[in-house]
Amino acid sequence: MGVWRVIYDGFDPDTERLREALCTLGNGYFATRGAAPEATADDVHYPGTYIAGCYDRLSSPLAGRTVVNEDLVNAPNWLPLTFRAEGGEWFDVRASGYRQELDLRHGLLTRRLRYGDAAGRITSVDQERLVSMDDPHLAALRTTIRAENWSGALEIRSGLDGRVRNSGVARYRGLADVHLLVGSTGADEDLIWLDAETVTSAVRIAEAARTTVAAGGAIRRETRDGPGWIAQHLTVDLRRDEPVTVEKVVALHTSRDRATGGPLEAARLGAERAPCFAALRDRHGLAWEHLWRRAHLDVGRPGAQRTINLHLFHLLQTLSPHTVGLDVGVPARGLHGEAYRGHVFWDELFVLPFLSLRFPDVVRSLLLYRWHRLPAARRAACEAGHTGAMYPWQSGSDGRDETPRMHFNPRSERWLPDDSRLQRHVGLAIAYNVWQYYQATGDLDFLSSYGAEMLIEIARFWADLASLDTSSGRYDIRGVMGPDEYHDAYPGSAAPGLDNNAYTNVMAAWTLCRALDVLALLPSGRRAELLEHLGLRPEEITRLEDVSRRLRVVFHADGIISQFEGYENLAEFDWGGYRAEYGDIRRLDRILEAEGDTTNRYKASKQADVLMLFYLLSADQLTALFDRLGYGLDRAAIPKTIEYYLARTSHGSTLSAIVHAWVLARSDRAASWRFFLQALDSDLHDVHGGTTAEGIHLGAMAGTLDLAQRCYTGLELHGDVLHLNPRLPPGIPGLGVELRYRGHWGIRLHADHRGIRIGLRRSAQPPIRIAVNGGPATTLPAGRTVWFAGPGEVEEIG
Ligand code: BGC
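Thresholds applied
Residues numbered from 1 in each chain as written. Predicted model: local features only at pLDDT ≥ 70, side-chain atom pairs only at ≥ 80, totals over all residues. Heavy atoms only, no water. Helix = DSSP H or I, 4+ residues; strand = E, 2+ residues; numbered from the N terminus. Rg over C-alpha atoms; globule rule 2.2 N^0.38 Å. Buried < 20%, exposed > 50% of the residue type's maximum accessible area, 1.4 Å probe, protein only. Contact = heavy atoms within 4.5 Å. Areas by Shrake-Rupley, 256 points an atom, 1.4 Å probe, with all protein chains shown as cover. Near = heavy atom within 4 Å. Polar contact = N/O pair within 3.5 Å; in protein donor to acceptor, adjacent residues only side chain to side chain. Nonpolar A, V, L, I, M, F, W, Y, C, P; charged D, E, K, R; others polar. Core = buried A, V, L, I, M, F, W, Y, C linked by side-chain atoms within 4.5 Å. Bend = angle between axes of the 7 residues up to and from the residue. Pairing = 2+ DSSP bridges. Axes fitted to C-alpha atoms, helices over the stretch in contact; angles between N-to-C directions. Phe/Tyr/Trp six-rings, centres within 6.5 Å; stacked < 30°, edge-to-face > 60°. Lys NZ or Arg CZ within 6 Å of the ring centre and 35° of its normal.

Undergrad: Would you mind showing me how to read the overall build of the protein here?
TA: Helix and strand counts for the protein stand at 20 helices and 31 strands. Rg of the C-alpha trace for the protein: 27 Å, near the compact-globule value of 28 Å for 798 residues, within the 12% margin. For the protein, the C-alpha atoms occupy an extent of roughly 90 × 70 × 60 Å along the three principal directions. A total of 798 residues make up the protein; the buried ones form 62% of that total. Sequence-distant contacts, at least 24 apart, represent 67% of the contacts inside the protein between residues at least 6 apart. When the accessible surface of the protein is summed, it comes to about 28500 Å², and 48% of that surface belongs to carbon and sulfur atoms.

Undergrad: Any chance you could explain the site of the ligand here in plain terms?
TA: Residues in close proximity to the ligand include Ala332, Tyr340, Phe345, Trp346, Asp347, Trp393, Glu485, Lys606, Gln607, Ser653 and Leu655, which together make up its full environment. Interatomic distance of 2.6 Å between a side-chain N/O atom of Asp347 and an oxygen atom of the ligand. The contact in question runs from an oxygen atom of the ligand to an N or O atom on the side chain of Glu485, over 3.1 Å. For the ligand, whose free accessible area comes to 310 Å², the fraction covered by protein is 94%. Here the residues of the shell around the ligand sort into six nonpolar, two polar and three charged.

Undergrad: For this particular structure, what's the right way to read the nonpolar core?
TA: Buried together is how nonpolar side chains tend to be arranged in soluble globular proteins. Ranked by size, the top nonpolar core spans 218 residues in total, and within it Trp346, Leu355, Leu551 and Ile758 carry the most contacts. In terms of residue count, the dominant contributor to this core is helix α10 (residues 502–521) (13 residues). Sequence-distant contacts of Leu355, defined by excluding residues within four places in its chain, comprise Leu315, Leu319, Pro360, Val363 and Leu366. In this structure, Leu130, Trp193, Val249 and Leu280 belong to the second largest nonpolar core, which totals 16 residues.

Undergrad: Help me out: how do you make sense of unusual backbone geometry in this one?
TA: Where the residue is not glycine, phi is negative for most of them; where a peptide bond is considered, it is trans in most cases. A positive phi angle, close to 55 degrees, is found at Ala259, a residue other than glycine. By secondary structure assignment, the location of Ala259 is in the loop between β17 (244–254) and α2 (263–273). You will see that Arg742, though not glycine, has its phi angle at about 45 degrees, which is positive. As for its placement among the helices and strands, Arg742 is situated in the loop between β25 (734–741) and β26 (744–752).

Undergrad: Can you help me understand helix α9 (residues 444–465) in this one?
TA: Residues three or four positions apart in an α-helix share a direction because the helix packs 3.6 residues into each turn. Along α9, the sharpest kink reaches roughly 50 degrees, centred on Gly451. By the criterion of burial, α9 is predominantly enclosed, with 17 of the 22 residues buried.

Undergrad: Sorry if this is basic, but what is going on with the pairing of strand β14 (residues 204–214) here?
TA: Within a regular strand, the side chains alternate between the two sheet faces. Burial runs high along β14: eight of the eleven residues are buried. In terms of strand pairing, strand β13 (residues 191–198) meets β14 through seven bridges, oriented antiparallel. Pairing of Asp195 across the sheet is with Ala206, part of β14. Linkage of β13 to β14, two consecutive antiparallel strands, is achieved through a turn of five residues, within which Ala202 is found at a positive phi near 55 degrees. Here ten bridges tie β14 to β17, and the two strands are oriented antiparallel to one another. Residue pairing in the sheet places Ala214 in a bridge with Thr245 of β17.

Undergrad: What exactly am I supposed to notice about the sheet that holds strand β5 (residues 65–74) here?
TA: Within a sheet, each strand pairs with its neighbour through backbone hydrogen bonds, oriented either parallel or antiparallel. If you walk across this open sheet you meet the four strands as β2-β3-β4-β5, and the pairing is antiparallel. If you trace the sheet from one side to the other, it starts and ends with β2 (25–26) and β5, each paired once. Of the strand pairs in this sheet, strand β3 (residues 30–32) and strand β4 (residues 49–62) are connected by three bridges, and their pairing is antiparallel. Residue Phe30 lies in a different strand from β4, and its bridge partner there is Ile51.

Undergrad: I keep staring at the environment of Thr598 and nothing clicks. Help me out?
TA: Examined against the element boundaries, Thr598 turns out to sit in the loop between α14 (588–594) and α15 (612–616). In this structure, the C-alpha to C-alpha distance between Thr598 and Tyr486, residues 112 residues apart in sequence, is 8.3 Å. Here the side chain of Thr598 touches Asn600 through a polar contact of 2.9 Å, landing on its backbone nitrogen.

Undergrad: How should I be thinking about the sheet that holds strand β10 (residues 138–147) in this particular structure?
TA: Across the sheet, nine strands lie side by side as β1-β7-β8-β9-β10-β17-β14-β13-β12; this open sheet has antiparallel pairing. Whereas interior strands pair on both sides, the edge strands pair on one side only; in this sheet they are β1 (5–9) and β12 (180–188). Along the sheet, successive strands turn relative to each other by an average axial angle of 15 degrees, direction set aside. Where helix α3 (residues 277–294) meets the sheet, its contacts fall on β8 (108–116), β9 (122–131), β10 and β17, and the angle it forms with β9 comes to roughly 45 degrees.

Undergrad: How should I be thinking about the packing of aromatic side chains in this particular structure?
TA: Describing an aromatic ring pair means giving the distance of the ring centres and the angle of the ring planes. Summed over all chains, the structure comprises 34 aromatic pairs. Seen in terms of ring centroids, Phe461 and Trp462 are 5.2 Å apart; in terms of plane orientation they differ by 65 degrees. Their pairing is edge-to-face. We classify Phe461 as buried; its relative accessible area is 2%. Between the aromatic rings of Tyr578 and Tyr582, the centroid separation amounts to 5.8 Å while the plane-to-plane angle is 10 degrees, which identifies the pairing as stacked. Of the two residues, Tyr578 and Tyr582 are both situated in helix α13 (residues 575–582); the distance of four residues between them amounts to about one turn of the helix. Using a relative accessible area of 26% as the deciding quantity, one classes Tyr582 as partly exposed. One aromatic cluster is present, formed by Tyr340, Phe345, Trp346, Phe350, Trp393, Tyr503, Tyr615 and Trp662 through successive ring pairs. The cationic tip of Arg157 hangs over the ring face of Trp90; the distance from NZ or CZ to the ring centre is 4.4 Å. The residue whose ring lies beneath Arg648 is Tyr644, and the NZ or CZ to ring-centre distance is 3.8 Å.

Undergrad: Even after reading the chapter, I still don't get the environment of Arg742, so can you show me in this structure?
TA: Judged by relative accessible area, which is 22%, Arg742 ranks as partly exposed. Between the alpha carbons of Arg742 and Ser124 there is a distance of 53 Å; along the sequence they are 618 residues apart. Every residue in contact with Arg742, bar those within four places of it in the chain, is listed here: Tyr438, Gln439, Ala440, Thr441, Gly442, Asp720 and Gln765. A polar contact of 2.9 Å, which involves the side chain of Arg742, links it to the backbone oxygen of Gln439.

And the structure:
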């Protein structure tokens, strides 16, 4: 199978939707699930095409009120293509021998099948599909049909279907799901087109398809249409053993595109002018080759490597160089399905640090998505009675809070209030990413023009939200939620929210420090401008400083950092009993709610919360931060804290395994490796029971890449030095990574269990400073390669 292929044999209706999600093809502009071209949405299949940033908002009645939801729109289906022997029934995938292969290296999805119809005619089909990584508006499907034991007329139907809905997630059924109004359809020779518009956001989406058949004899072509769809029927004479090839080349444009004379014209021209499938495939292959070079990540073990490649593949299909300038964020479930409605959460915290060292231009664009929504975040802060910027927990088109007010528990079949919007910590993730991007690139221009403003406004919000408790001299942050979604309120309390969530308070202190750093870093002219623009008075800067030193962190009696104030008083949970009764208890919140109980009562977490601190900050950084806050952080307390929360976490989020693999990487390498493998399995084997079919978990996918790239190499960026301190898990013999850093294209790292080799490709860029294994920083000029075995043991080898 190799490290570049995912192969499925046989058709399995039960896992078809999972395959569709995992076989999605995309290019950062749009993506299409790996659904069978002959299928329409039913209980087995779910064709879906999603265009980055194309949202629409609809209202629905729910439990006596009106709820409004914004969805990433399922665009018209461009795939439809099927065939039949004249007079026979249309091809049915269920009646066929079947093999499907996803070729990660070349970005191709192929199907090979043999189909026997009721009249005993056996036909074999080879089908190849791509969504162009070269031209982000093009996709193509090539189908070769061979009659094995018959000759006669073959009828092929190739269509565009705008009658799609957003009905891919069972939990959302019953809510409004028709986001498209098809305006017109048309045909001209071998071209058909369809022009649609989203219901409330009025985004026009146009698709055009050119269908051609390479066959010896005459081709009869007939166009048919109906409300919301159009198709061409092509009839050719098929001779036994003489294959016929059908090519469908599709162009997709929206009114959000630049440099077009309108979406319909752009789509028509695009499909008309596009080259043939082979030429498209060549260009597409070249674009992928370039991406793979830049994404090079080698873990030296075939099983893990294949999944690493799959994760890279889906990450780059969601966020690619074509994403740059699209005004889109990081959708938590990729462009692969409709779970979480295509919304943007804090998951970019697990995605951007990896990309900052590979595709910094893409990261800049994704951060600009947040910058453009700064006015909305300011408005939200202001409406909540605060200054600064309060970014929403779920974000979509315009930056307002898209978090649903209610969520559905499929176990109890009850709609319940959803208070997850209180996860104000999303802003801290944005601040962290701004800083990481700056460290990786040294892009002072971005920092001055955009990054600083976001960092300062986020910091300002936290400084304002914090309230001084004069009796203790500490600042409190009350009424929020941490990353652990099992706790949204105190037991028995009518009001949602918790006080002094440790992750929130410590990262708020960190953000305040970075905002102060940034103010010091800015060129004086820009600093003065920004202060005036923001109306940031000297006393507010003093407040930022003061709060950064006096935020409260609550500890348990034994020195463990408390997840939030009062956590220590919660009941211990009966993990053994519930595991024995339910088996899979990852969604304990749903289990307990169905029992009339609540996770709020227990010391039980859905995912890492306190431990996120050890994930984001090194022990040195954290110790310094706690010192600044006036708390000594005993280093010996770190493993105790990890053990404490690990024993109380159900890993109900795919992000949890990433964080645990990371925080255990130094103290328990075998356990870290187990969590890493678990994270690799999450989507490929749908570990979270059916969720991947509704979209991949992009944060977890990228998180595994970042684990290899930053955690196992011990890579940290601070003080203008690239720090490396490799500690490989036992499961991998070596780790090869190629980074972009501060203008250098290609810092090649290869770590094994003995040391690390670092080579800088030739360039005109100035030397970089590196420090390995805690040794002193040394200077590495372009074109040189060095080998480090231990602290200070440097050997120049090229
Ligand atoms: C997790 C969140 C995450 C969201 C989107 C939830 O299940 O608890 O941390 O942001 O999924 O991926």
